[in-house]
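Tertiary structure, described
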Amino acid sequence: MKSTSKIIISVIVGLLLLVVAFAFINGWITASPKDTHPPCDQLPTVTEVTAALDNHENLAKEIEKLGDGIKVEVGKPCPDHQERGLVLVRYDSKSERDAINKLLSRSEGFGVPVHLEKR
């Protein structure tokens, strides 16, 4: 194989590695499994989740202050169980997700399941 071909292949492989590394760092590629929530039949009722959000209004506001794209609301993740819910936190970026996780790990939480979802 000619040395110019080797150089071209090396440059292409190097660029591909850079693109993959950039995508991984920015959260486009993730090594962790998808976020999950408890089985639908084990989720609290929407009424219980709404009460939990009302009782922990300050925590919800604190989470939303972490970024412009963050929204805390009652989520209904199960189409067949619309009476079941959880606290749904929607975010835009990996940095927002990291900040949310950090805050939740330092707090007592809402007392009901919390599910993080990227927009």
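Cut-off values and rules
- Residues numbered from 1 in each chain as written.
- Predicted model: local features only at pLDDT ≥ 70, side-chain atom pairs only at ≥ 80, totals over all residues.
- Heavy atoms only, no water.
- Helix = DSSP H or I, 4+ residues; strand = E, 2+ residues; numbered from the N terminus.
- Rg over C-alpha atoms; globule rule 2.2 N^0.38 Å.
- Buried < 20%, exposed > 50% of the residue type's maximum accessible area, 1.4 Å probe, protein only.
- Core = buried A, V, L, I, M, F, W, Y, C linked by side-chain atoms within 4.5 Å.
- Contact = heavy atoms within 4.5 Å.
- Pairing = 2+ DSSP bridges.
- Right-handed = clockwise from strand over helix to strand, strands pointing away.
- Domains from an automatic or database assignment.
- Axes fitted to C-alpha atoms, helices over the stretch in contact; angles between N-to-C directions.
- Disulfide = S-S within 2.5 Å.

Focus on the overall build of the chain
- Broken down by element type, the chain carries four helices and three strands.
- Sequence-ordered secondary structure for the chain, helices as α and strands as β, is α-α-α-β-β-α-β.
- By the compact-globule yardstick of 14 Å for 119 residues, the chain is too spread out, its C-alpha radius of gyration being 21 Å.
- With respect to the three principal axes, the spread of C-alpha positions in the chain is 70 × 30 × 20 Å.
- Buried positions account for 27% of the 119 residues belonging to the chain.

Details of the nonpolar core
- Ranked by internal contacts, the top residues of the largest apolar core, which has 17 residues, are Ile 63, Val 72, Val 87, Val 89, Ile 100 and Phe 110.
- For this core, the elements supplying multiple residues, two or more each, are α2 (46-55), α3 (57-64), β2 (86-91) and α4 (94-106).
- Contact partners of Val 87, with chain neighbours within four places excluded, come to Val 49, Leu 53, Val 72, Glu 73, Phe 110, Val 112, Pro 113, Val 114 and His 115.

Regarding the pairing of β2
- For β2, the buried fraction is high: five of the six residues fall into the buried class.
- Of the strand pairs in this sheet, strand β1 (residues 71-75) and β2 are connected by five bridges, and their pairing is antiparallel. Within β2, the position partnered with Val 74 by the bridge is Val 87.
- In the sheet, β2 pairs with strand β3 (residues 114-118) via five bridges, with the strands oriented parallel. When the sheet's bridge partners are listed, Val 87 is paired in β3 with Val 114.
- Regarding the hand of the β-α-β motif, the stretch spanning β2, α4 and β3 is right-handed.

Considerations on the domain arrangement of the chain
- Split into domains, the chain comes out as domain 1 (1-30) and domain 2 (32-118).
- When each unit is reduced to the centre of its C-alpha atoms, the spacing between domain 1 and domain 2 is 38 Å.

Topic: the sheet that holds β2
- Judged by pairing direction, the sheet is mixed, and its three strands sit side by side in the order β1-β2-β3 without closing on themselves. If you trace the sheet from one side to the other, it starts and ends with β1 and β3, each paired once. Each neighbouring strand pair of the sheet contributes to a mean axis angle of 30°, computed without reference to strand direction.
- Across the sheet, α2 touches β1 and β2, and the angle it forms with β1 is around 155°.

With respect to the state of the cysteines
- Evaluated as defined, the whole model comprises one disulfide.
- Cys 40 shares a disulfide with Cys 78; S-S distance 1.8 Å. Here the S-S torsion is close to -85°, and the disulfide linking Cys 40 with Cys 78 is therefore left-handed. One end of the pair, Cys 40, is in the loop between α1 (3-25) and α2; the other, Cys 78, is in the loop between β1 and β2, with 38 residues separating them in the sequence.
- Looking at Cys 40, the relative accessible area reads 23%, which means it is partly exposed.

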